[in-house]
Amino acid sequence: EPRLEEWTLSPSGVLFTNLMLAALIAVGQGAVWAAFGWRPRWLSSVVGGVRWAWLVRCYVACLVLLVLVNGALVLLDGGLELDPENQAGLYAVVVLASTPLQAAGEEYLFRGWLSQAIGAWFARAVVGAVAAAVVSGLLFAWAHGQQDPWLFGDRLAFGLVASWLVWRTGGLEAAAHARTPLDRGGVQRALRQVALACGIKKKSARIRRATATQPTG
C-alpha cells in the first residue's frame with residue numbers, strides 16, 4: 001500500500017513504530033515477572049535497576065565513536081551539502097528522541113528476557129551464556145524482516161557483540177547504546193532517515209549524478 005509506506009516514513013509513522021518497539025521494555029519486564037517471579041528491575045542489570053551513571057558514560061562513548069567514524073567517512077567521500085525539507089526539524093526531533101527507546105526495547109526483549117530464559121535451561125553459566133547469545137542473536141537477525149546473507153550476518157554479529165557486552169558489564173546499558181555506532185540495520189538507518197529529511201547529501205553522490213547526466217557525444 002503506497003500510502004501506508006509513505007506514512008511509515010513520516011515523522012508520525014516513525015514515532016509510532018519506535019514507541020511500539022519501546023513497549024518491548026514492559027513486555028520483557030512482564031515476562032520475567034510472570035515466568036520467574038522476579039521483580040522487573042532485575043532485568044536491567046545485576047544491581048536491580050538501571051545504572052544511570054554508567055548509562056550516561058556508555059551514551060557519551062558511543063556518541064563520540066559515531067561522530068568520529070561517520071565524520072571520517074564523510075570527509076573521505078568529499079563532504080556534505082544541505083537542502084532541508086519542510087519537516088526536517090520535526091523529523092530530527094522524533095528520531096533522535098524516540099530511537100534510543102526503540103533500541104532499548106529490543107535489548108530488553110532479546111538480551112534481557114530471552115537470554116535469561118534460554119540461559120536458565122543450562123546448569124553451567126558459561127554454557128548458558130553462549131547458548132543464549134547464539135539463539136537470541138539468530139532470532140534478533142531473523143526478526144528484522146528483509147534479509148540477504150550480508151544483512152543477516154551483520155545483524156547476527158551485532159547480536160553476539162551485544163550479548164558479550166551484557167555478560168561482561170552485567171547489564172543492558174552498554175548493549176543498548178552500542179546500537180548507535182554498530183547497528184547498521186536499526187539506529188544507523190534512523191540516522192540516515194534524519195539526514196535525508198534534512199537534505200544532507202554527500203557531495204560525491206551529487207558529482208556522480210552530474211557526471212552521469214552529461215552528454216557523451
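Residues numbered from 1 in each chain as written. Predicted model: local features only at pLDDT ≥ 70, side-chain atom pairs only at ≥ 80, totals over all residues. Heavy atoms only, no water.

With respect to the packing of aromatic side chains
Using the following cut-off: Centres within 6.5 Å make a pair out of two Phe, Tyr or Trp rings, where for Trp the six-membered ring is used; the pair is then stacked when the planes are under 30 degrees apart, edge-to-face when over 60, and tilted otherwise. Helix and strand assignments follow DSSP, with helices taken as H or I runs no shorter than four residues and strands as E runs no shorter than two, numbered in order from the N terminus. In this scheme, a residue with accessible area under 20% of its type's maximum is buried, one over 50% is exposed, and one in between is partly exposed, where area comes from a 1.4 Å probe on protein chains only. Only Lys NZ and Arg CZ are tested; either one counts as a charge over a ring when it is within 6 Å of the ring centre and within 35 degrees of the ring normal.
The full count for this structure, using the stated rule, is 3 aromatic pairs. Taking the centre distance of 5.4 Å and the plane angle of 85° together, the rings of Phe110 and Phe140 count as edge-to-face. Here Phe110, found in helix H5 (residues 88–119), pairs with Phe140, found in helix H6 (residues 125–142); they are 30 residues apart in sequence, far enough to count as distant. Among the residues examined, Phe140 registers a relative accessible area of 0% and is labelled buried. Joined through ring pairs, the aromatic side chains of Phe110, Phe140 and Phe158 make up one cluster. The ring of Phe140 has Arg111 lying over it, and the distance from NZ or CZ to the ring centre is 4.4 Å.

Overview of the nonpolar core
One broad rule of soluble globular proteins: the nonpolar side chains tend to lie buried together. Note the cut-off: In this description, a nonpolar core means a group of buried Ala, Val, Leu, Ile, Met, Phe, Trp, Tyr and Cys residues linked to one another through side-chain atoms lying within 4.5 Å. It only takes one pair of heavy atoms within 4.5 Å for two residues to be counted as in contact.
Counting 20 residues, the largest nonpolar core has Phe110, Ile118 and Phe158 as the members making the most contacts within it. Elements with a minimum of two residues in this core: helix H3 (24–36), H5, H6, helix H7 (149–169) and helix H8 (173–182). Residue contributions to this core peak at 5 residues, all from H5. When sequence neighbours within four positions are dropped, the list of residues in contact with Ile118 reads Ala131, Ala132, Val135 and Ser136.

Brief notes about the packing of helix H2 (residues 11–22) against H5
Just so we agree on the cut-off: Each axis is a line fitted through C-alpha atoms, and for a helix only the stretch in contact is used; angles between axes span 0 to 180 degrees, taken between their N-to-C directions. Should an angle lie under 35 degrees it is considered roughly parallel, over 145 roughly antiparallel, and from 65 to 115 roughly perpendicular; all remaining angles are considered oblique. A clockwise turn of the near helix away from the far one marks a right-handed crossing, whereas an anticlockwise turn of less than a right angle marks a left-handed crossing.
Taken N-terminus to C-terminus, the directions of H2 and H5 make an angle of 20°; their axes are 7 Å apart at the nearest point. Between H2 and H5, the interaxial angle falls into the category roughly parallel. Of the two elements, H2 crosses H5, and the hand of that crossing is left-handed. Judged by residue contacts, Pro11, Val14, Leu15, Asn18, Leu21 and Ala22 of H2 engage Leu90, Tyr91, Val94, Val95, Ser98, Thr99, Leu101, Gln102, Gly105 and Glu106 from H5.

Focus on the side chain of Glu106
Here is the rule we go by: Distance and chemistry together define a polar contact, namely a pair of N or O atoms within 3.5 Å, with one atom able to donate a hydrogen and the other to accept it when in protein, and with adjacent residues in sequence counting only for side-chain atoms on both sides.
Relative to the helices and strands, Glu106 is located in helix H5. Glu106 gets classed as buried once you look at its relative accessible area, which sits at 6%. Side-chain polar atoms of Glu106 contact the side chain of His144, separated by 3.2 Å. Here Glu106 is in contact with Leu21, Leu24, Arg111, Phe140, His144 and Arg179, once residues within four sequence places are set aside.

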